[in-house]
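Report on the structure
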Amino acid sequence: MAPAVMALDAMAPEAMALEAMAQATAPIPLDFAFRVEPGELLALVGHSGSGKTTVLRTIAGLWRPTVARVSIGGRGWLDTAKGVDLAAHRRRVGVVFQNYALFPHLSAARNVMAAMDTPDPAGAARLLDLVNLHGLGDRRPAQLSGGQQQRVALARALARQPDALLLDEPFSAVDRATREKLYSEILALRAHLKMPVVLVTHDMNEAQLLADRLVVMDKGRMVCTGTTAQVMADPTALRAMGIREVAALLPATVVSHLPDGLTLLETPAGALFLPLLEAAPGTVVRVRIMAHDVILSRARPEGLSAQNILAGRITRIVAGQGPAVMVHIDAGGHEILARITRRAAETMGLQVADQVHAILKSMSVARDHIAAGAPAQGGD
């Protein structure tokens, strides 16, 4: 197997590169190549055992493949060919683990200061404010909720002033309501992050809402990399992720909250009604729409209970291995996906360039499939 490369722009100030070749002694054979820009968030997605965490551990210096190279900003962290292997504690990398890994006997502020080269109470307070923990610096982990502990872990990772930030399943230990808040907070925090960020997750919803680009991994191999739209158009990636994970990401702006408990949003494809969102009018959100929840119609339907009817044009029809096809629809410059039966597509006579209407029930969009924040860089 040939060596593979992961790169975070070797010419940029915060650049990092990693090469790793599969060996029998590795936790899982590795064969991958991807690039992350400074300030960009890349999500490594895949099922358990796909190699995501092994990649993260290689970057952090917690695992050393037999053949590998890691560098950032032109500075070598690991190069087995040249005998370079910088110890993990000397790599300026911030890591947030799924179990938080906080010191139980220290306050939140002291947990943050423990990661600093020179302990700075004022600096710790600023970081805790940045992650919305103002006034909680004196509390110990046991006095904080799971979401608050995760915020302390993130503040501690940032306290290292890292060249790269690694997030290892950071939201898996909190409940859905807390995850919803953390998603929005991470998107807001992105404006302050200038280093490359790598997120490991098995949750496609999480990856799509938070990441600029995705890398789909399977059995240690990189199956596909690209924006959400690019990954969702790759049949090999879809098989690796599982067909029911196929979804599109649509940007929207909150217009108003209605008396009947719905929120009106404006999207590039038209109006969208969803269950009440805790977001002020004018807030930009990202809505994940599952392909299997979308129904298509040639004419704009009337008399339906479904209120969301978005007009678009078919750009691609991809047949699957089973009875379904994936219809890609341009809706106001953004993509909507519809997974329908081959029989339905043939009966309707659907072809590329046809005008169609995508129909979506308001209640089919889960609360944790919506996050406040600007669309991913590069669009979908």
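Residues numbered from 1 in each chain as written. Predicted model: local features only at pLDDT ≥ 70, side-chain atom pairs only at ≥ 80, totals over all residues. Heavy atoms only, no water.

1. Points about the sheet that holds strand β13 (residues 247-257)
The five strands are arranged β15-β14-β13-β16-β22 in an open sheet whose pairing can be described as antiparallel. A strand with exactly one partner marks an edge of an open sheet, and here the two such strands are β15 (270-275) and β22 (370-372). Adjacent strand axes in the sheet meet at a mean angle of 40°, parallel and antiparallel pairs treated alike. Looking at chain direction, strand β16 (residues 284-290) and β22 are connected through three bridges and run antiparallel. In the sheet register, Val285 faces β22, and the bridge partner there is Ala372. Sitting on the sheet, helix α5 (residues 176-189) is in contact with β16 and β22, with an inclination near 40° to β22. (Pairing = 2+ DSSP bridges. Helix = DSSP H or I, 4+ residues; strand = E, 2+ residues; numbered from the N terminus. Axes fitted to C-alpha atoms, helices over the stretch in contact; angles between N-to-C directions. Contact = heavy atoms within 4.5 Å.)

2. Quick notes on the side chain of Arg151
Residue position: Arg151 is located in helix α4 (residues 146-159). Look at Arg151 and you get buried, because its relative accessible area is 10%. When residues no more than four places from it in sequence are discounted, the contact partners of Arg151 are Val131, Asn132, Leu133, Lys181, Leu182 and Glu185. (Buried < 20%, exposed > 50% of the residue type's maximum accessible area, 1.4 Å probe, protein only.)

3. Considerations on the packing of aromatic side chains
With the rule as written, the count across this model stands at one aromatic pair. Between Phe171 and Tyr183, the ring centres sit 5.5 Å apart and the planes meet at 80°, which makes this aromatic pair edge-to-face. Placement of the pair is Phe171 in the loop between β9 (164-168) and α5 and Tyr183 in helix α5, with a sequence separation of twelve residues. For the pair shown, Phe171 and Tyr183 are each scored as buried. Residue placement shows Arg156 over the ring face of Phe103; its charged tip is 5.9 Å from the ring centre. (Phe/Tyr/Trp six-rings, centres within 6.5 Å; stacked < 30°, edge-to-face > 60°. Lys NZ or Arg CZ within 6 Å of the ring centre and 35° of its normal.)

4. Notes on the pairing of strand β19 (residues 324-331)
Across the eight residues that make up β19, a large majority, seven, are buried. Where strand β18 (residues 308-319) folds back onto β19 in an antiparallel hairpin, the turn is made up of four residues. Taken together, the eight bridges between β19 and strand β20 (residues 334-341) define a ladder with antiparallel strand orientation. What sits directly across from Asp330, in β20, is Glu335. The hairpin formed by β19 and β20 contains two residues between the paired strands, and Gly332 there has a positive phi angle of roughly 65°.

5. Topic: unusual backbone geometry
A positive phi is found at Ala101, a non-glycine position, where the angle reads about 55°. You can see Ala101 is positioned in the loop between β8 (93-96) and α2 (108-113). Using a relative accessible area of 38% as the deciding quantity, one classes Ala101 as partly exposed.

6. Looking at the sheet that holds β18
The five strands are arranged β17-β21-β18-β19-β20 in an open sheet whose pairing can be described as antiparallel. Each edge of the open sheet is held by one strand with a lone partner, namely β17 (295-297) and β20. Pairwise comparison of adjacent strand axes, ignoring direction, gives a mean angle of 45° for this sheet.

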